[in-house]
2 protein chains.
Amino acid sequence: MALLPDPEPLFELIEALNTLPGIGKRTARRMAYHLLQYDREGAAKISETINQALNELKHCQMCNSFTTEDICPICASQRRDHSLLCVVETAADLNMIEASHGYHGLYYVLMGKVSPLDGVGAQKLNLERLFHRVLDYPVQEVILATNFTAEGETTAHYLGNVLRDQGIKVSRIARGVPSGSELEYVDAGTIAWALTERRTD
Amino acid sequence: MALLPDPEPLFELIEALNTLPGIGKRTARRMAYHLLQYDREGAAKISETINQALNELKHCQMCNSFTTEDICPICASQRRDHSLLCVVETAADLNMIEASHGYHGLYYVLMGKVSPLDGVGAQKLNLERLFHRVLDYPVQEVILATNFTAEGETTAHYLGNVLRDQGIKVSRIARGVPSGSELEYVDAGTIAWALTERRTD
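Residues numbered from 1 in each chain as written. Chains lettered and ligands numbered in written order. Predicted model: local features only at pLDDT ≥ 70, side-chain atom pairs only at ≥ 80, totals over all residues. Heavy atoms only, no water.

**Some thoughts on the relation of the copies chain B and chain A**
This is how it is decided: What sets the superposition is a least-squares fit of C-alpha atoms, and only residues with pLDDT of at least 70 in both copies go into it. In this analysis, two residues are considered to be in contact whenever any of their non-hydrogen atoms come within 4.5 Å of each other.
In screw terms, the move from chain B to chain A is a rotation of 180 degrees and a rise of 0.0 Å along the axis, fitting with an RMSD of 0.0 Å. Taken together, the rotation and translation describe the operation of a two-fold axis. No C-alpha of chain B approaches the rotation axis more nearly than that of Ser47 of chain B, which lies at 2.0 Å. A share of 100% of the interface residues of chain B reappears at the interface of chain A, consistent with the copies meeting face to face through the same patch.

**As for the packing of aromatic side chains**
All names here are of chain A. Cut-off, in case you're wondering: Side-chain rings of Phe, Tyr and Trp (the six-membered ring for Trp) are treated as a pair once their centres are within 6.5 Å; stacked means planes under 30 degrees apart, edge-to-face means over 60, and tilted covers the remaining angles. Throughout this description, buried means an accessible area under 20% of the type-specific maximum (1.4 Å probe, protein chains only), exposed means over 50%, and partly exposed covers the range between.
Applying the stated criterion across every chain yields a total of 4 aromatic pairs over all chains. Relative to Tyr107, the ring of Tyr103 has its centre 5.2 Å away and its plane inclined at 65 degrees; by these criteria the two rings are edge-to-face. Using a relative accessible area of 9% as the deciding quantity, one classes Tyr103 as buried. Note on Tyr107: relative accessible area 1%, which makes it buried.

**With respect to the sheet that holds strand E5 (residues 141–144) of chain B**
Residues and elements named next belong to chain B. Heads up, the condition is: When DSSP finds two or more bridges between two strands, those strands count as paired. Note on conventions: DSSP H or I runs of at least 4 residues are helices, E runs of at least 2 residues are strands, and numbering of each starts at the N terminus. Convention adopted: a line fitted to C-alpha atoms gives each axis, helices being fitted over their contacting stretch, and angles between N-to-C directions are expressed from 0 to 180 degrees.
On the basis of which strands lie adjacent, the open sheet formed by 4 strands has the order E4-E3-E5-E6 and parallel pairing. Strands with a single pairing partner mark the edges of an open sheet, and in this sheet they are strand E4 (105–109) and strand E6 (169–172). Adjacent strand axes in the sheet meet at a mean angle of 25 degrees when their direction is disregarded. Bridging between E5 and E6 involves 4 bridges; their strand directions are parallel. Pairing of Leu144 across the sheet is with Arg172, part of E6. Running at roughly 160 degrees to E4, helix H5 (residues 91–99) makes contact with strand E3 (81–88) and E4 of the sheet.

**A word on the interface of chain B and chain A**
Rules: Buried area counts how much accessible surface, traced with a 1.4 Å probe, disappears from two parts once they are put together, with both parts' losses summed. In the sections that follow, a salt bridge refers to a side-chain nitrogen of Lys or Arg positioned within 4 Å of a carboxyl oxygen of Asp or Glu. As used in this structure description, the phrase polar contact means that two N or O atoms lie within 3.5 Å; if the pair is within protein, one of them must be able to donate a hydrogen and the other to accept it, and residues adjacent in sequence are counted only when both atoms belong to side chains.
Counting from both sides, the interface comprises 56 residues of chain B and, opposite them, 57 residues of chain A. The contact between chain B and chain A buries some 5300 Å² in all, and 71% of this surface belongs to carbon and sulfur atoms. Where chain B touches chain A, the interface holds 0 salt bridges. The interface formed by chain B and chain A holds 9 residue pairs in polar contact (both at pLDDT 80 or more) in total. Only helix H1 (8–18), helix H2 (25–38), helix H3 (40–56), strand E2 (66–67), helix H4 (73–76) and H5 of chain B provide two or more residues apiece to the side of chain B that touches chain A. It is H3 of chain B that provides the largest number of residues to the side of chain B that touches chain A, a total of 13 residues.

**Examining the domain arrangement of chain A**
Threshold: Residue ranges for the domains originate in an automatic or database domain assignment.
Domain boundaries assigned for chain A yield domain 1 (8–56) and domain 2 (59–196). Computed from C-alpha atoms alone, the centre-to-centre distance between domain 1 of chain A and domain 2 of chain A is 33 Å.

**Remarks on the packing of H2 of chain B against H3 of chain B**
Close contact between H2 of chain B and H3 of chain B brings their axes to 5 Å; oriented N to C, the two are set at 120 degrees. Every residue of H3 of chain B that contacts H2 of chain B at Leu35, Leu36 and Tyr38 of chain B is listed here: Arg40, Ala43 and Ile46 of chain B.

**Quick look at the packing of helix H6 (residues 127–136) of chain B against helix H7 (residues 150–165) of chain B**
Residues and elements named next belong to chain B. The test is simple: Any angle that falls under 35 degrees is termed roughly parallel, while one over 145 is termed roughly antiparallel, one within 65 to 115 roughly perpendicular, and all others oblique. Note on convention: the crossing is left-handed when the near helix lies turned anticlockwise from the far helix by less than a right angle, right-handed when the turn is clockwise. Side-chain classes are defined by residue name, with Ala, Val, Leu, Ile, Met, Phe, Trp, Tyr, Cys and Pro counting as nonpolar, Asp, Glu, Lys and Arg as charged, and the others, Gly among them, as polar.
Two numbers describe how H6 lies on H7: the axes approach to 12 Å, and their chain directions differ by 40 degrees. Regarding the angle of H6 to H7, the classification is oblique. Crossing handedness for the pair H6 and H7: right-handed. Seen from H6, the contacting residues are Leu127, Leu130, Phe131 and Val134; seen from H7, they are Tyr158, Leu159, Val162 and Leu163. Tallied by class, the residues present in the contact of H6 with H7 amount to 8 nonpolar, no polar and no charged.

**Focus: the environment of Pro116 of chain B**
Assignment of secondary structure puts Pro116 of chain B in the loop between E4 and H6. The spatial distance from the C-alpha of Pro116 of chain B to the C-alpha of Thr154 of chain B is 9.1 Å, given a sequence separation of 38 residues.

**Structural notes on the UniProt feature "zinc finger region: C4-type" (unreviewed entry) in chain A**
Filter applied, for reference: UniProt positions are given in the numbering used here, feature names are shortened, and annotations may be inferred rather than shown by experiment.
Feature annotation in UniProt assigns "zinc finger region: C4-type" (unreviewed entry) to the following positions: residues 60–75 of chain A. Split by type, residues 60–75 of chain A is 19% helix and 12% strand. Its first and last C-alpha atoms lie 8 Å apart.

Below you can see the structure in the form of structure tokens.
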């Protein structure tokens, strides 16, 4: 875009910010200028907190989520229902479920999904760890809460098969019309599923 | 949002990313999770490039823009017209003007604007430095290219007065209908200006 290239350190900063999800070149440049011109303290803070997070955060030995302890507060809590295990793709998904206040069991965070097209198979996802988790601390039911995307469905399908083979009860979260939405604005695929999975009670 | 708070290092990272322009809490969280889950190398790179930019970039002694040298390549170039000085608010504005290929003079980057409401007066902007720049290396004309916002206009007005008092020729970039736009979609204020500032040649 520019006739003269940015000075090297600025160029490299823009390139690095450009790798953030949803941040294009133009926004990255705006961010870099903003940090250097108006918020050098904030810039230093970002750099510092990234390093701190990279160094201090580890994965909970039970649920694989981010934590500073060996066992995260959820897994360590005696007030949670240890007989239920909800499998989610990301720590962000775990947060969304917590925010719903509708679940009081434990979690397992896959930190990804089976995605054959991207070369992410069961091995790369380290699903062995989930299987060990389930065998070491038996649960009554595993709830698969991966996303309703192609990859999320593949992951749920694969996990369901393997877990059922071990004699574990497996369920999948319900798919249907979102709460508060009008049928007129819901896509046909969702309506078809809502009809197929209709409840009789 | 979450029932259980994020672990401290994650919380602090989200807070820090949240200070970036245009990045809300939810996006900051998504970025933090993305960095930790999928792109730890990218995260380290961002941290490193921020530090590098903070440490290595300084302000050009002539134009105040970001550079790694004492004098930036534009100010040092003998192929530029040293008799013209274009005053802009930010280094990003300088880039936009360079990208237009329509200007071959030098620049002065204010790194801000006079904004009385935010407590930024002429002093805080260090306008003395611009005046010294103009006196030390005389120019034939100063082109004010601050934004057409309240603050940009105030800045241009103030600079214009002081510079004219020193006997320096001052001009302001043209305001009018943007290139390629249809009158029907241009705001009335812009059209009024385009009429007032019509050209007869």
